[in-house]
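Listed here are the chains, written in short residue letters.
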Amino acid sequence: MKIKKIDYDFSVCKVTDFSLTNLESEYCFIGKTDEECSLVCITADVPDNIINRDDGWKAFRIEGILDFSLIGILSGISGLLAENSIGIFAVSTYNTDYILVKEKDYKKAINVLSQAGYDLG
C-alpha cells in the first residue's frame, strides 16, 4: 500500500465558527458537533477565531480511493504506530484516510511504516 507524505505543517484547532476558515486551502478538514467546531488545517491558514489550537503536526495520506468494503486499513496503520509509541490524529474523507503525527515523531513514523512494507512515495 502506498502512503504519501504531505509536506506541510498542520494545526488541530477548535474554532468559534467556520466563517474565517480558508476553504480554498489545499488541505482543510472541518467537523461540527453539538459541542464544538473543529478544524485541521495548514498551520499558516489557522484563522483568528480559534478557541484552542495544537500545532506541530505532520501528515500522511493513504494513496488511492479506498472502497468502503475495505476493512482494517486505518486500524493496521494506527496499531503499528501505537506499538511504536507514536500517537496519531486521523481524518477520514470520502476517498481516503489521513494520518497526522506530531512533528517530533514524524521521522520515526516514516521508518516504522517503511519497515512494515508500506511504500512512502
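Remember, predicted model here, so these are calculated numbers, not experimental data.

A. Geometry of the pairing of strand β6 (residues 97-102). Of all six residues that make up β6, five are buried, and the element is covered over most of its length. Summarising the sheet, strand β4 (residues 50-62) and β6 pair through five bridges and their orientation is antiparallel. Looking across to β6, one finds that K58 is bridged to V101. Sheet analysis places strand β5 (residues 89-92) next to β6, joined by four bridges and oriented antiparallel. Across the sheet, V91 pairs through a bridge with Y98, a residue of β6. Following β5, the chain reverses through four residues before pairing antiparallel with β6.

B. Broad picture of helix α2 (residues 106-115). Of all the positions in α2, only Y106, A109, I110, V112 and L113 are classed as buried. Along α2, the residues classed as buried sweep out an arc of 165° about the axis, all on the same side. Across α2 from its buried face, at more than 90 degrees, point the exposed residues K107 and Q115. Along its buried surface, α2 packs onto β1 (2-15), β4, α1 (73-83), β6 and β7 (119-120). Backbone geometry just after α2 places G117 at a positive phi near 100°.

C. Structural context of α1. Buried within α1 are the following residues: I73, I77, L80 and L81. Mapping the buried residues of α1 onto a view down its axis gives an arc of 95°, with all of them on the same face. Facing away from the buried side of α1 by over 90 degrees, the exposed positions are S75, A82 and E83. At its buried positions, α1 is contacted by β1, β4, β6 and α2. Positive backbone phi, approximately 60°, marks S85, located one or two places after α1.

The rules behind the values
Sequence order as written defines the numbering, with residues in each chain counted from 1. Reporting in this predicted model follows two pLDDT cut-offs: at least 70 for local features of residues, and 80 or more for side-chain atom pairs to be given and counted; totals over whole chains, interfaces and linings ignore these cut-offs and use all residues. Side-chain metrics in this entry use all non-hydrogen atoms of the structure; hydrogen atoms and water are not considered. Throughout, exposure labels follow a simple rule: accessible area from a 1.4 Å probe, protein chains only, divided by the maximum for the residue type, with under 20% read as buried, over 50% as exposed, and the rest as partly exposed. Put simply, DSSP marks the helices as runs of H or I at least four residues long and the strands as runs of E at least two long, and each gets a number from the N terminus on. Here, strands pair whenever DSSP counts at least two bridges between them. The arc in question is the one spanned by the directions pointing from the helix axis to the C-beta atoms. Here, two residues are considered to be in contact whenever any of their heavy atoms come within 4.5 Å of each other.

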